[in-house]
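Structural overview
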Amino acid sequence: MHVTNRLNSTNAVTVVKRTGDNKLGDMTATHSPQSTCPISCKFYPKLSQDIKGKKRKDNAVRLATIEADKLDELKPDINARIHVVGDCQTSESASIVGSAMVRYGNRSRNGSIAYTYTHAWQTVPIESWQGANVLASCETTAEVEHANKLGYQAELTLVKHQSRKIYKIGNVRILPCPNNWNKQVKCSDCMLCANTKLLKSKKWTIGLAIIGATKIARSRIEE
């Protein structure tokens, strides 16, 4: 939250070459202000000095361009998680960041790739991401099915898992995040969220049980 508040107050993009985060592991990570996120997101905060209208869209493009330029400057020798904080709320900003994500993978000599999640999947077409590895962030199985129809593979945020193994909620097949069960398994070890082709072929949806501010998250999911 400290990092998020700083990003919001400075309206800046931060890129960490090797994050060392307890969940992410050894990865590159980018962070943008929450003003880049769609306000329709259930987890969107009430920002006292939020940006609205055309100024908000112009700012999203400006920050996306900065983020893309920073990603292009990096040597792509490890995997990259884009938008640990932040998102692309417009097709133009998604195209800018998505193109940089694709270039990151294409420039890599060891198979390193970039991936991200988006809450803007209902208004930003999957094509806008230019082939980047992107999962639609969902809070209900109905949203997952809707996202799939729009061409997105999805991540479903859950209060808790029903099983360690693959299980179904309605018509949705849930693949539990390994880190939810074993904190020693980092995102850098797993990378299933980045394998959108596999998720599509298996008809799997990544299931992420809430961590951190669980009381707030639970209230938002169960609204």
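Scroll up to find the structure this text is about.
Take the overall build of the protein chain next. Summing up its helical and strand segments, the protein chain has 7 helices and 9 strands in all. The 223 residues of the protein chain split such that 47% are buried. Accessible surface computed for the protein chain: about 11600 Å², of which carbon and sulfur atoms make up 51%.

So, about helix α4 (residues 141-149). Of the residues making up α4, those classed as buried are E143, V144 and A147. Down the axis of α4, the sector holding all buried residues measures 105 degrees, keeping them to one side. Looking at α4, the residues exposed on the side facing more than 90 degrees away from the buried face are A142 and K149. Against β5 (133-138), β6 (153-158), β8 (172-176) and β9 (204-209) lie the buried residues of α4. Just past α4, the residue G151 takes up positive phi, approximately 100 degrees.

What follows covers the sheet that holds β8. Within the open sheet, the 9 strands sit side by side as β1-β2-β3-β4-β5-β6-β9-β8-β7. Their pairing is mixed. In this open sheet, the two edge strands, each paired with only one partner strand, are β1 (14-16) and β7 (167-169). Along the sheet, successive strands turn relative to each other by an average axial angle of 30 degrees, direction set aside. Pairing geometry for β1 and strand β2 (residues 28-31), over 3 bridges, is antiparallel. Bridge pairing links V15 to T30 in β2. Against the sheet, α4 touches β5, β6, β7, β8 and β9, its axis set at about 170 degrees to β6.

The topology assignment puts V124 in the loop between β4 (114-118) and β5. Here V124 is in contact with C88, Q89, T90, S91, A94, W129 and Y152, once residues within four sequence places are set aside.

With that out of the way, let us pick up helix α3 (residues 91-107). Taking 1.5 Å of rise per residue, 17 residues should cover 24 Å, and α3 covers 24 Å from first to last C-alpha, within 8% of that figure. Listing the buried residues of α3 in full gives S93, A94, V97, G98, A100, M101 and Y104. Each buried residue of α3 lies within a common arc of 160 degrees when the element is viewed along its axis, so the set occupies one face. At its buried positions, α3 is contacted by β2, α2 (53-73), β3 (80-85), β4 and β5.

Time to look at the nonpolar core. One recurring pattern in soluble globular proteins: nonpolar side chains tend to sit buried together. Core analysis: the biggest nonpolar cluster contains 32 residues, and M101, W129, C138 and Y152 have the highest contact counts within it. Elements with a contribution of two residues or more to this core: α2, β3, α3, β5, α4, β6 and β8. At 5 residues, the largest contribution of residues to this core is made by α3. Those residues in contact with M101, other than ones at most four positions away along the chain, are L71, I82, A114, Y115, T116, W129, A132 and N133. Core analysis: the second largest hydrophobic core is formed by 16 residues, A29, Y117, M191 and C193 among them.

Thresholds, definitions, all that
- Within any chain, residue numbers begin from 1 and follow the written order of that chain's sequence.
- In keeping with the predicted nature of the model, local features appear solely for residues at pLDDT of at least 70, side-chain atom pairs appear and are counted solely at 80 or more, and the whole-chain, interface and lining totals rest on all residues.
- Remark: hydrogens and water are excluded; side-chain values derive from all non-hydrogen atoms of the structure.
- Each helix is a run of H or I in the DSSP string that is no shorter than four residues. Each strand is a run of E no shorter than two, and both are numbered from the N terminus.
- Only protein chains enter the accessibility calculation, which uses a 1.4 Å probe. A residue is then buried if its area is under 20% of the maximum for its type, exposed if over 50%, and partly exposed in between.
- Here the accessible surface of atoms and residues is derived via Shrake-Rupley with a 1.4 Å probe, and residues count as covered only by protein chains that are part of the display.
- The directions considered for the arc are those from the helix axis to the C-beta atoms.
- In what follows, residue pairs with any heavy atoms lying within 4.5 Å of each other are defined as contacts.
- Strands pair, by our definition, only if DSSP identifies at least two bridges between them.
- Note on definitions: angles span 0 to 180 degrees between N-to-C directions of axes, and those axes are lines fitted to C-alpha atoms, for helices only across the stretch in contact.
- By definition here, a helix of n residues has an expected span of 1.5 Å times n minus one.
- We call a set of buried Ala, Val, Leu, Ile, Met, Phe, Trp, Tyr and Cys residues a nonpolar core when their side-chain atoms join them within 4.5 Å.

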